[in-house]
Amino acid sequence: MKAVCWMGTHSIEVHDVKDPEIINPQDAIIRITKTAICGSDIHLYDGYIPTMEAGDILGHEFMGIVEEVGSEVKKLKRGDRVVIPFTIACGNCFFCKDNLWSLCDNSNPNAHVAETMYGYSGSALFGYSHIYGGYAGGQAQYARVPFADVGPIKIENDLSDESVLFLSDIYPTGFMGAQNCNISPGDNVAVWGCGPVGLFAIASAYMLGAGKVFAIDRFPERLKLARECGATTIDYSDDDVIIVEALRDLTGGVGPDCCIDAVGMEAHSSTLVGVYDKVKQALMLETDRPFVLRQAFMAIRKGGTLSIPGVYGGVLDKLNFGAAFGKGIHMAMGQTHMHNYLAPLLKSIEDKKIDPTFMISHRIGIQQAPEFYKKWQEKEAGMTKIVIDPWQDTIANPVVRVMERHSA
Amino acid sequence: MATEVIPTDASKLKSVAQIAEGTAYKPLPQKAEDGYVTAHAIQTIAADPQTLYTLWRNVEAFPRWQEYVVSVKELGAGKSHWVMGNPEDKDGTRVEFDSQIERDTPGERIGWKSVTKGVEQEGVVTFVPAENGRGTIVTLIQKQRVPGGAVGNAVAAVAKRGPKQIVIEDLRHFKEMVEAGEIPSVAGQPHGPRGVTGSVKEWMLGETNPTPPGSSEQR
């Protein structure tokens, strides 16, 4: 089969590799119909997530048709149409039983690596480095899915692949990001980052009763989509904008009740501190650029809740923890407990409360993946979400036009 | 070799596992001295003590869940014959020895010791109900001779892991088999060309150790 492989920092190649096979009795093999590139894949592309190995198959947002099931799979059968959550959970351990699925005890073959770095290991993930298990990812034509009765959700309606694909990660991740900041009716919510997770966080915050949502980014197309979700947008690249002040002004001097960091470890900043972080990260003196966290610590109202769906990998520098303490804020974070959200969020799509396809800007074939990793990393104009058809080599016109998208 | 290094006294181990109120924490034995390493692992496993005891006492099933066990034959009266090595490497190193169960309290503990001259290892596993209803606190303590070579430490002679990590992985695999019904593995999955650096990383992360097959029959 064809697969998108990480070959080193800033090096992505499509290779012909052997097809996956059943390894364990609860495995299923999925013939992938659609997959996507996630913003968090850029952390891998840029080499900031440790324990990648040359040849690793990337991709953790995918869906498809069940091709084959292992001897212990009871609920799925060949031909079922499924979306695969990006976290791998056994369904039986203390954490799974407590609905903390992304903290499953029993899915990571490399748990000892995570224990060395983090004390304990969370669940394994698809295509996301060996500290998270080293499972081959879904930017390929087939994938092996462990614990197939626990994770995949069957799609038994006629919704298009693209309508349900984002149940694999970004919609639940944005939703949990909003849910984790304990929104009370009428609360002001600030969202850093209007990439796909940020956009879903904005939409979800309104579903959960937010009063106003303020969205922070610098790219016009992302800010436009955020406004279409109902947010008031703040362009931090504007020289006159100071984020902490902007959020104070917009919230009657109080500060946002809830803050969501949908950016994570590779935050950008035009200030001197931003340059300092970039240099330190490049020199491996810090692993993450926590610029958003620094701003959020300052901007959030006293006693507010900060939710962090953005990915962090390691050691952070120059974090004003005194601000977080002094204002008595609450924090919630972590990989998404995917399995809690699949059914309810599928229903929200079926009920037409949201059409997740609104953010798709590009459709590509698998051979275009290396080129589009580069473009996505460079934030080429108009690029908001890339969907891959792994059975096409190239799609001649990959651009999904924004205006057409919304006239439908 | 002094058996006393491993506290086979049940009351001592129970006090650690149950974290008795009003008592001082006493670390489990974990030391390297005189050519021996004593290491431990502890896990809370979602099953009752009797079930876990029965699974562990079935020594012939060890190859299903413990790394580097090729085969085990029960010889009766608590004695068993062990063949250690990489099961996937038919021509690889094999170390054979006999082991004797010395303390066997159904539902509570199993203590064993090698009885083959030159192979020096002993261990104890205890099963204590978790008071918070989360199953059973399983404590595994092993004392092994290091460096092993073909004699001395039969496990370290064939495994690509440190003696402490071996103990941790053994108990982890036991837990995974019991709770998940299988042992997670990525062995044999597809990947692009690894090249030199990729292969070195695989080895450094311990991914070249063979994963035991696990078994859903245990659920």
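Please read all numbers here as calculations on a predicted model, not as lab measurements.

Engineer: Sorry if this is basic, but what is going on with the nonpolar core here?
Structural biologist: One recurring pattern in soluble globular proteins is that nonpolar side chains are buried together. Formed by 105 residues in total, the largest nonpolar core has its most connected members in Phe166, Trp192 and Ile202 of chain A. Here the element with the most residues in this core is helix 6 (residues 196-207) of chain A; it accounts for seven residues. If sequence neighbours within four positions are ignored, Trp192 of chain A has contacts with Ile216, Ile243, Leu247, Cys259, Ile260, Asp261, Ala262, Val263, Val292, Gln295, Ala296 and Ala299 of chain A. Core analysis: the second largest hydrophobic core is formed by 31 residues, Tyr53, Leu55, Val69 and Val72 of chain B among them.

Engineer: Please clarify how the side chain of Glu53 of chain A should be interpreted in this entry.
Structural biologist: Secondary-structure assignment places Glu53 of chain A in the loop between helix 1 (41-45) and strand 4 (56-57). Separated by 3.4 Å, the side chain of Glu53 of chain A and the backbone nitrogen of Glu202 of chain B make a polar contact. Apart from the residues lying within four places of it in its own chain, the contact partners of Glu53 of chain A are Trp6 and His130 of chain A together with Arg194, Gly198, Lys201, Glu202, Leu205 and Glu207 of chain B.

Engineer: Quick question: what am I supposed to make of the packing of helix 8 (residues 243-250) of chain A against helix 10 (residues 291-299) of chain A here?
Structural biologist: For any two helices packed against each other, one specifies the inter-axial angle together with the distance between the axes. All names here are of chain A. Across the interface, helix 8 lies against helix 10 with an axial gap of 9 Å and an inter-helix angle of 35 degrees. The two elements helix 8 and helix 10 meet at a crossing, and its hand is right-handed. Residues Ile243, Val244 and Leu247 of helix 8 lie in contact with helix 10, whose contacting residues are Gln295, Met298 and Ala299. Classifying every residue of the contact of helix 8 with helix 10 gives five nonpolar, one polar and no charged.

Engineer: I would appreciate a short explanation of empty space enclosed by the protein in the present structure.
Structural biologist: If you roll a probe as big as a water molecule over the atoms, it shows you where there is empty space left. A complete count under the given rule lists nine cavities of 30 Å³ or more for this structure. What the largest cavity holds in volume is close to 250 Å³. Forming the walls of the largest cavity are 18 residues, and the residues nearest its centre are Phe62, Gln66, Trp82, Trp112 and Gln142 of chain B. Elements supplying a minimum of two residues to the lining of the largest cavity: helix 2 (49-57), strand 4 (79-84), strand 5 (95-105), strand 6 (109-114) and strand 8 (136-145) of chain B. For the second largest cavity, the lining is made up of 14 residues, of which Asp56, Ile57, Gly134, Tyr135 and Ala136 of chain A are closest to its centre.

Engineer: Help me understand the packing of aromatic side chains in this model?
Structural biologist: Each pair of aromatic rings is reported with the distance of its centres and the angle of its planes. Considering all chains together, one arrives at 21 aromatic pairs over all chains under this definition. Measuring from ring centre to ring centre gives 6.2 Å for Tyr128 of chain A and Tyr132 of chain A, while their planes differ by 50 degrees; the resulting arrangement is tilted. Residue classification places Tyr128 of chain A among the buried positions, given a relative accessible area of 3%. With a centroid separation of 5.7 Å and an interplanar angle of 85 degrees, the aromatic rings of Trp56 of chain B and Phe62 of chain B are classed as edge-to-face. Neither Trp56 of chain B nor Phe62 of chain B differs from the other in exposure class; each is buried. Each member of the aromatic cluster is reached from another via a ring pair, and the members are Tyr53, Trp56, Phe62, Trp65, Trp82, Phe97, Trp112, Phe127 and Phe174 of chain B. One cation-aromatic arrangement involves Arg31 of chain A over Trp391 of chain A; the distance from NZ or CZ to the ring centre is 4.2 Å. Here Lys375 of chain A stacks its cationic end above the ring of Phe372 of chain A, 4.7 Å away from the centre of that ring.

Engineer: I keep staring at the confidence of the model for chain A and nothing clicks. Help me out?
Structural biologist: Regions with low pLDDT carry predicted coordinates that are not meant to be interpreted in detail. On average, residues of chain A score 93 in pLDDT, and 94% of them reach the 70 mark or higher. Note that pLDDT drops below 50 for residues 403-408 of chain A; the model gives that stretch 10 contacts with residues more than four away or on any other chain.

Engineer: Even after reading the chapter, I still don't get the sheet that holds strand 4 of chain A, so can you show me in this structure?
Structural biologist: Hydrogen bonds between backbone groups are what pair the strands of a sheet, and the pairing can be parallel or antiparallel. Residue and element names in this part refer to chain A. Strand order in the open sheet formed by three strands is 2-1-4, and the pairing between neighbours is antiparallel. The outermost strands of the open sheet, each flanked by one partner alone, are strand 2 (11-16) and strand 4. One ladder, built from two bridges, connects strand 1 (residues 2-8) with strand 4; its direction is antiparallel. Among the inter-strand pairings, Trp6 is bridged to a residue of strand 4, identified as Asp56. Sheet contacts for helix 13 (residues 369-377): strand 1 and strand 2; angle to strand 2, the most-contacted strand, approximately 160 degrees.

Engineer: It is not clear to me how a nonpolar patch on the surface should be interpreted in this structure. Could you clarify?
Structural biologist: On the surface, Val196, Val200, Trp203 and Met204 of chain B cluster together into a nonpolar patch covering about 480 Å² of accessible area. Its location among the elements puts Met204 of chain B in helix 5 (residues 195-204).

Engineer: So what exactly am I meant to see when it comes to the pattern of salt bridges here?
Structural biologist: Oppositely charged side chains can form a pair if their charged atoms are brought close together. Residues and elements named next belong to chain A. With the rule as written, the count across this model stands at 25 salt bridges over all chains. Asp257 is the partner of Arg301 in a salt bridge, and the nearest nitrogen-oxygen pair spans 2.6 Å. Pair noted here: Arg301 is in the loop between helix 10 and strand 15 (305-308) and Asp257 is in the loop between helix 8 and strand 14 (258-261), with a separation of 44 residues, a long-range link. In this structure Arg301 comes out as partly exposed when scored by relative accessible area, which is 27%. Taking the relative accessible area as the measure of exposure, Asp257 reaches 14% and is therefore buried. As a salt-bridge pair, Asp317 and Lys318 come within 3.7 Å of each other at their nearest N and O atoms. For Lys318, a relative accessible area of 52% translates into the label exposed.

What counts and what doesn't
- Numbers given for residues are sequential positions, taken from 1 along each chain in its written order.
- For this description, chains carry letters from A and ligands carry numbers from 1, given in the order in which they are written.
- Given that the model is predicted, a residue must reach a pLDDT of at least 70 before its local features are reported, and side-chain atom pairs must reach 80 or more before they are shown or counted; all residues, however, enter totals for whole chains, interfaces and linings.
- To get the side-chain values, take all heavy atoms of the structure and skip hydrogens and water.
- Remark: nonpolar core denotes a set of buried residues (Ala, Val, Leu, Ile, Met, Phe, Trp, Tyr, Cys) joined through side-chain atoms within 4.5 Å.
- Think of it in three bands: with a 1.4 Å probe and only protein chains considered, a residue is buried below 20% of the maximum accessible area for its type, exposed above 50%, and partly exposed in between.
- Helix and strand assignments follow DSSP, with helices taken as H or I runs no shorter than four residues and strands as E runs no shorter than two, numbered in order from the N terminus.
- A contact between two residues is defined here by any heavy atoms of the two lying within 4.5 Å.
- Two N or O atoms form a polar contact when they lie within 3.5 Å of each other; inside protein one atom must be a possible hydrogen donor and the other a possible acceptor, and for residues adjacent in sequence the pair counts only when both atoms belong to side chains.
- Where helices are involved, their axes are fitted lines through C-alpha atoms of the stretch in contact, as for all axes, and angles between N-to-C directions lie from 0 to 180°.
- Each helix crossing is assigned a hand: it is left-handed if the near helix lies turned anticlockwise from the far helix by less than a right angle, otherwise right-handed if that turn is clockwise.
- Residue polarity is assigned by list, with Asp, Glu, Lys and Arg as charged and Ala, Val, Leu, Ile, Met, Phe, Trp, Tyr, Cys and Pro as nonpolar; anything else, Gly included, falls into the polar class.
- We place a 1 Å grid over just the protein atoms. Points where a 1.4 Å probe fits but has no way out form a cavity, open points with protein on both sides within 12 Å along at least 5 of 7 lines form a pocket, and any residue with an atom within 4 Å of a point lines it.
- Grid points are joined across faces, edges and corners, and a volume is the space filled by probe spheres set on the points.
- Whether two aromatic rings pair depends on their centres lying within 6.5 Å, for rings of Phe, Tyr and Trp, where Trp uses its six-membered ring; planes under 30 degrees apart make the pair stacked, over 60 edge-to-face, and the rest tilted.
- Charge over a ring is defined by NZ of Lys or CZ of Arg lying within 6 Å of the ring centre and within 35 degrees of the ring normal.
- Each residue carries a pLDDT score, the predictor's own confidence in it, on a scale running from 0 to 100.
- Any two strands with at least two DSSP-identified bridges between them are counted as paired.
- Like charges within 9 Å and nonpolar side chains (Val, Leu, Ile, Met, Phe, Trp, Tyr) within 5 Å are joined into patches, using only residues over 30% in relative accessible area that form no salt bridge.
- In short, Shrake-Rupley with a 1.4 Å probe defines the accessible areas, and a residue's cover is counted only from the protein chains shown.
- Every case where a carboxyl oxygen of Asp or Glu lies within 4 Å of a side-chain nitrogen of Lys or Arg is listed as a salt bridge.

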